[in-house]
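Spelled out, the chains give:
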Amino acid sequence: MDAGCPRLPDTVLFEIFLYLDHTDVLSVGLVCQQWRAVARDEFLWKELFYRYYRVSRDVPRHPGAVSWYDEFQRLYDTIPCVEVQALKEHNDQVLHLSFSHSGCLFASCSKDCTVKIWSNELDIALQHSSNMRPYNWSYTQFSQFNSDDSLLLVSGVFVGPHNSSSGEIAVISMENFTLLSRVRNKPYDVFGCWLNETNLISGNLHRIGRITSCSVLWLNNAFQGIESENVNVVKRLFKIQNLNASTIRTVMVADCSRYDSPDLLLDYEEQLAASSTCPVFDLGSDSEEEEAKPKPPPEPAVQELPGARGVPAEHGLQQLFDDIMEGRVRPAMTETELETKVAELFVRSRTKPPEPNLLPTDSNSKTKYLIFTTGCLTYSPHQIGIKRILPHQMTTAGPVLGEERRSDEFFDSLDHVIDIHGHIIGMGLSPDHRYLYVNSRAWPRDCVISDPMQPPPIAEEIDLHVFDLKTMKEVKRALRAHRAYTPNEECFFIFLDVSRDFVASGAEDRHGYIWDRHYNICLAKLQHDNVVNSVAFSPVEQELLLTASDDTTIKVWRSPRAVRIRQARRPRPRKLLFSWLLNQKS
């Protein structure tokens, strides 16, 4: 046996011994302690991998792996599942976590109405805390660093009646932690996000009827001081009509420039095509019979957008009124149904058509997608809306209300809509922005929504869907393991995060969860004493994960490998006796 051959810890081998059937020839080879002689046997480690981790046989090896042994060790030794620190500086529920792009800092938001900035060093320590109560905030709920980590966007909820939906976005300088600007944000669960280094997106909501409204998305300059009084600091991006009590929420921006060079391809056929140009990814492809491939999941339904086809909208609206006045509408429409029907007919002739050719064809494209939750049937968010942001729209220069619009372009249409058929409770982008991960709680199959204020009951099991933003299709099967229990009217956002190889999410069952993105398997459960609201991987070290909970703590998790390395680096105090002997000799 080569002395330099890597070796798994004995505890892992012992688990393998217990797991395998001792009558199996391979098991006998291990149990008789001859495992080292076959440590480089790819067939053996491939067999162990599929059986130990219970991975489907039709799933190929990770495209970046050089051997099955390395893959086995990676999934055992590099998962951030060891709790190394618990941060207890918040005194109420911790709702959100976000890392700076450098990984040196992270921010936390809480029901205690503070945003705290932490330094990520050998031991994580609190660096600054900002109390937002003087600005009439009820609590802080979301934060995001800009691309050069010089500014922090913080989103919060105003103090107000129980059903109030108003919020605000604050921008904090990371140089001296001063508050630079504040922007109104409605509804508060739009959250807000950065479009570029100095411009952020916020929302506003205008009621048109009882269940009809208009969402306006604004581009804001982070610096709104006196020196900018003669320069635009805000510009309207999009104006979108909402039907059946739905609203736009949870905005985020995806950059299309890296779609042709993602960190990890999730489509296995695409992986094989890519590997043909890079032989190192095609090692260990042993020929053996594979199990029948499962049926692919059904593609999400794409909602047809209102368009000017068939009967012109003006004629349709007039016809509807005539039918109502002459009693030709049977059965009689309710007030809600009538409002929705009129709004649908009105928007047909007042909406700018969607951008042609949504999918980016140029790998160097500067196009960005604005992604958000929305709906068309009920107030609970059940659709993902996607709107392309063109280069000329990425600045506040120009008219405050945007480009001149004709009367038939009063509203903006969505370029793409994905129907989830369930209540969306979380979204997150992969680091390369190629894939969108969505937490949702499914509606019953074949359910019918007759009242937009009475959405269907939602499942306790959370489905984690994955969408390829280059093809606009769902890939993989939905990930499962985590659960939620609150009903529709009390349902809240559970933030997830994605690293190069893993995806993590909180849950209401008092655990955080980690899955492998390639193999679609759950790898770890991370325990808290209450609901886990948010998780965050370090962007430069995916073996470091943070979890935030209603138990008021932030827990720091590292991989077994990282723990060993950090322990080895820590200086060891010299024993007193040894020091005394040295002093005596001198």
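Definitions and limits used
Residues numbered from 1 in each chain as written. Predicted model: local features only at pLDDT ≥ 70, side-chain atom pairs only at ≥ 80, totals over all residues. Heavy atoms only, no water. Helix = DSSP H or I, 4+ residues; strand = E, 2+ residues; numbered from the N terminus. Buried < 20%, exposed > 50% of the residue type's maximum accessible area, 1.4 Å probe, protein only. Contact = heavy atoms within 4.5 Å. Areas by Shrake-Rupley, 256 points an atom, 1.4 Å probe, with all protein chains shown as cover. Phe/Tyr/Trp six-rings, centres within 6.5 Å; stacked < 30°, edge-to-face > 60°. UniProt positions renumbered as here; feature names shortened; annotations may be inferred. Pairing = 2+ DSSP bridges. Axes fitted to C-alpha atoms, helices over the stretch in contact; angles between N-to-C directions. Polar contact = N/O pair within 3.5 Å; in protein donor to acceptor, adjacent residues only side chain to side chain. pLDDT = per-residue confidence, 0-100.

Draft legend 1. Local environment of the overall build of the protein. Helix and strand counts for the protein stand at nine helices and 31 strands. Every one of the 586 residues in the protein was classed for burial, and the buried ones make up 53%. Of the contacts formed within the protein by residues at least 6 apart in sequence, a portion of 61% connects residues at least 24 apart. Counting every atom, the protein has about 28,300 Å² of accessible surface; 52% of that belongs to carbon and sulfur.

Draft legend 2. Region of interest: the packing of aromatic side chains. Under the defined criterion, the tally for this structure stands at 20 aromatic pairs. Their ring planes at 65 degrees and their centres at 5.0 Å tell us that Phe-493 and Phe-495 sit as a pair that is edge-to-face. Members of the aromatic cluster, each reached through a chain of ring pairs, are Trp-45, Phe-49, Tyr-50, Tyr-52, Tyr-53, Trp-68, Tyr-69, Phe-72 and Tyr-519.

Draft legend 3. Structural detail: the UniProt feature "repeat: WD" (unreviewed entry) in the protein. The feature "repeat: WD" (unreviewed entry), as annotated in UniProt, sits at residues 87-119 and 525-557 in this numbering. Strand forms 58% of residues 87-119 and helix 0%; the C-alpha atoms that close the span are 12 Å apart.

Draft legend 4. Fine view of the sheet that holds strand E27 (residues 511-516). With respect to topology, four strands assemble into an open sheet ordered E25-E26-E27-E28, the strand pairing being antiparallel. Each edge of the sheet is formed by a strand with only one pairing partner; in this case those strands are strand E25 (496-498) and strand E28 (521-527). Going across the sheet, the axis of each strand differs from the next one's by a mean of 15 degrees, ignoring polarity. With six bridges joining them, E27 and E28 adopt antiparallel strand pairing. Its bridge partner being in E28, Asp-516 is matched across the sheet by Ile-521.

Draft legend 5. Summary view of unusual backbone geometry. Backbone torsion omega between Lys-186 and Pro-187 reads -5 degrees, so that peptide bond is classified as cis. Here Pro-187 shows up in the loop between strand E9 (179-185) and strand E10 (193-194). With phi around 70 degrees, Cys-113 is a residue other than glycine that occupies positive phi space. Structurally, Cys-113 can be placed in the loop between strand E3 (105-110) and strand E4 (114-119). One non-glycine residue, Phe-177, lies in the positive phi region at around 60 degrees. Classification of Phe-177 as partly exposed rests on a relative accessible area of 22%.

Draft legend 6. Representation of the pairing of strand E7 (residues 151-158) within the structure. Burial within E7 is extensive, with eight of its eight residues counted as buried. Note: strand E6 (residues 137-145) against E7, seven bridges, orientation antiparallel. Bridged to Phe-145 within E7 is Leu-152. Where E6 hands over to E7, the hairpin turn is made up of five residues, of which Asp-149 adopts a positive phi near 60 degrees. Relative to strand E8 (residues 167-173), E7 runs antiparallel, the two being bridged by seven bridges. Within the sheet, the bridge partner assigned to Ser-155 lies in E8 and is Ile-169.

Draft legend 7. Quick peek at the environment of Asn-221. Counting through the fold element by element, Asn-221 comes out in strand E12 (residues 213-221). Residue Asn-221 is classed as buried on the basis of its relative accessible area of 18%. For the pair Asn-221 and Leu-200, spaced 21 residues apart in sequence, the C-alpha separation works out to 6.6 Å. In this view, Asn-221 contacts Ser-181, Thr-198, Asn-199, Val-233 and Thr-396; residues no more than four positions away in its chain are not counted. A polar side-chain atom of Asn-221 sits 2.9 Å from the main-chain amide nitrogen of Phe-223.

Draft legend 8. The arrangement of the confidence of the model for the protein in detail. This prediction gives the protein a mean pLDDT of 81; 72% of its residues lie at or above 70. Contacts for the low-pLDDT stretch residues 17-32, under 50 throughout, to residues beyond four places or in other chains number 23 contacts.

Draft legend 9. Local environment of the sheet that holds E10. Spatially, four strands are ordered E10-E11-E12-E13 in an open sheet, and the strand pairing comes out antiparallel. Either end of the sheet is taken by a strand with one partner, and the two such strands are E10 and strand E13 (234-242). Bridge analysis of E12 against E13 gives eight bridges, and the strand direction is antiparallel. Its bridge partner lying in E13, Cys-214 is registered against Gln-241.

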